[in-house]
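So the chains spell out like this:
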Amino acid sequence: MVGTKLKIAILYDVWEDGVEIAEAPARKKQKPGKRTKKEKEDREEIFESLEKLGHAPFYQVLDGTPQCLQSLAKCDADLIFNLTESFAGDDTKEMNIAAYLDLIGIPYTGAGPHANFLAQDKGTAKKMFAFHGIKTPYFATSYRGRIDHSHDIRFPLIVKPIWEDGSIGINADAVVHEIKELMERVEYIQDEFDSPALIEEYIEGREIYSAILGSYEHTESLPLVELDLSRLPKGTPRIASYDVKFEKDTEAHRLTKSRLAENLDEDTAALLSTTALAAYQAVKLRDYGRIDMRLSSKGEVYVIEANPNPWLSNKQEFAMAARASGRTYTQLIGEIVGLAMARYATRSKAPASGQKI
């Protein structure tokens, strides 16, 4: 596919507060407009890069209506660059978009439906990590008085929605130190997001991100990036809260910065990278993904979560890691396209049913 001009649809989702969409569930969301702004920045940079690569990009929008699905099926794209994170504002339907693309037979970048489910359901992902011998904080999950799973966990704990991403539902109050605080936070998560609560041991340490490129069989861990939380005010939990990530007018956002991870000895850096690669494969990510980890003061590496199709803005962690590896932003986008197209080219060469291999 090298040198081939492709019609590439940049697929993204939009929705509006207060607008009723048929069959859309009444799930409570936190500041969806913030993520809409993020996606706009993402897609415009990708569009420009695809043009530089000689492709013919165009935008394709999912607005949460049946009509948008019909339009998608008729878009005549050679490849979908999938930037969607929800359908009609419902994050839990992200995997359904990938499944729909599989059904209508249009190639697309990034995680498939299976990987989206495994990564989004944080409790299931953590069970997968544990099965593969990947260290992750001990945890419990609770919903409406029922305990789905529970280790013998110890305070302090961090409590968050099990299905949300983008730090939705995570603020300074997410870290709890006693039973009363825990019960209040679990109730908040259930009432605000109608989601089971993920209750996990809070790991004090450095927040390290590993950007990964590649297929399930062949992967590359890019240079490690750290979200430096050390300047947060005394008494503020060192966590990647919603304020830290998205609220530009807050002190938490101003005092934190992502940068290439420094002061890591060779063995620790290798441990972080190999752990991230194992987590990437455990939840079946593909093309590109980001693994979020905690490095404790004892040098222990804990996987916090896996992120399929992470934010690709030129200013964000994934692009930062790609530049540190010697890639330009345009080369990064081209490599993601190449990985996706190679996967589908391999599938098209598979023998037909009953054909001898």
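Residues numbered from 1 in each chain as written. Predicted model: local features only at pLDDT ≥ 70, side-chain atom pairs only at ≥ 80, totals over all residues. Heavy atoms only, no water.

Trainee: Before we move on, can you summarise the sheet that holds strand β7 (residues 175-176) with the specific residues and values?
Mentor: If you walk across this open sheet you meet the five strands as β5-β4-β8-β6-β7, and the pairing is antiparallel. The sheet terminates laterally at β5 (146-150) and β7, the two strands that pair on one side only. Judged from the four bridges that link them, strand β4 (residues 139-143) and strand β8 (residues 197-201) form a sheet pairing that is antiparallel. Among the inter-strand pairings, Phe-139 is bridged to a residue of β8, identified as Glu-200. Against the sheet, helix α5 (residues 122-131) makes contact with β4, β5, β6 (157-161) and β8, and its axis sits at roughly 155 degrees relative to β4, the strand it touches most. Against the sheet, helix α6 (residues 179-193) contacts β4, β6, β7 and β8, and its axis sits at roughly 10 degrees relative to β6. (Pairing = 2+ DSSP bridges. Helix = DSSP H or I, 4+ residues; strand = E, 2+ residues; numbered from the N terminus. Contact = heavy atoms within 4.5 Å. Axes fitted to C-alpha atoms, helices over the stretch in contact; angles between N-to-C directions.)

Trainee: Account for the packing of aromatic side chains, naming residues and giving values.
Mentor: Inspection of every chain in the model, using the stated rule, returns five aromatic pairs. Ring geometry for Tyr-108 versus Tyr-344: centroids 6.3 Å apart, planes at 55 degrees, classification tilted. With a gap of 236 residues between them, Tyr-108 in the loop between α3 (94-104) and α4 (113-120) and Tyr-344 in helix α11 (residues 329-348) connect regions that are remote in the sequence. By relative accessible area, Tyr-108 is classed as buried at 0%. Through successive ring pairs, a cluster of aromatic residues spans Tyr-12, Phe-47 and Tyr-59. Here the basic side chain of Arg-43 rests over the ring of Tyr-12, its NZ or CZ set 3.7 Å away from the ring centre. Above the plane of the ring of Tyr-209 lies Arg-290, whose end atom (NZ or CZ) is 4.7 Å from the centre. (Phe/Tyr/Trp six-rings, centres within 6.5 Å; stacked < 30°, edge-to-face > 60°. Buried < 20%, exposed > 50% of the residue type's maximum accessible area, 1.4 Å probe, protein only. Lys NZ or Arg CZ within 6 Å of the ring centre and 35° of its normal.)

Trainee: Please provide a residue-by-residue account of unusual backbone geometry, values included.
Mentor: The omega torsion of the bond from Phe-155 to Pro-156 falls at 0 degrees, within 30 degrees of zero and hence cis. Tracing the chain through its elements places Pro-156 in the loop between β5 and β6. The backbone of Asp-194 sits at a positive phi, close to 45 degrees, despite the residue not being glycine. Structurally, Asp-194 is set in the loop between α6 and β8. Non-glycine residue Asn-309 carries a positive phi angle of around 50 degrees. The residue Asn-309 is located in the loop between β14 (301-308) and α10 (317-324) in this model.

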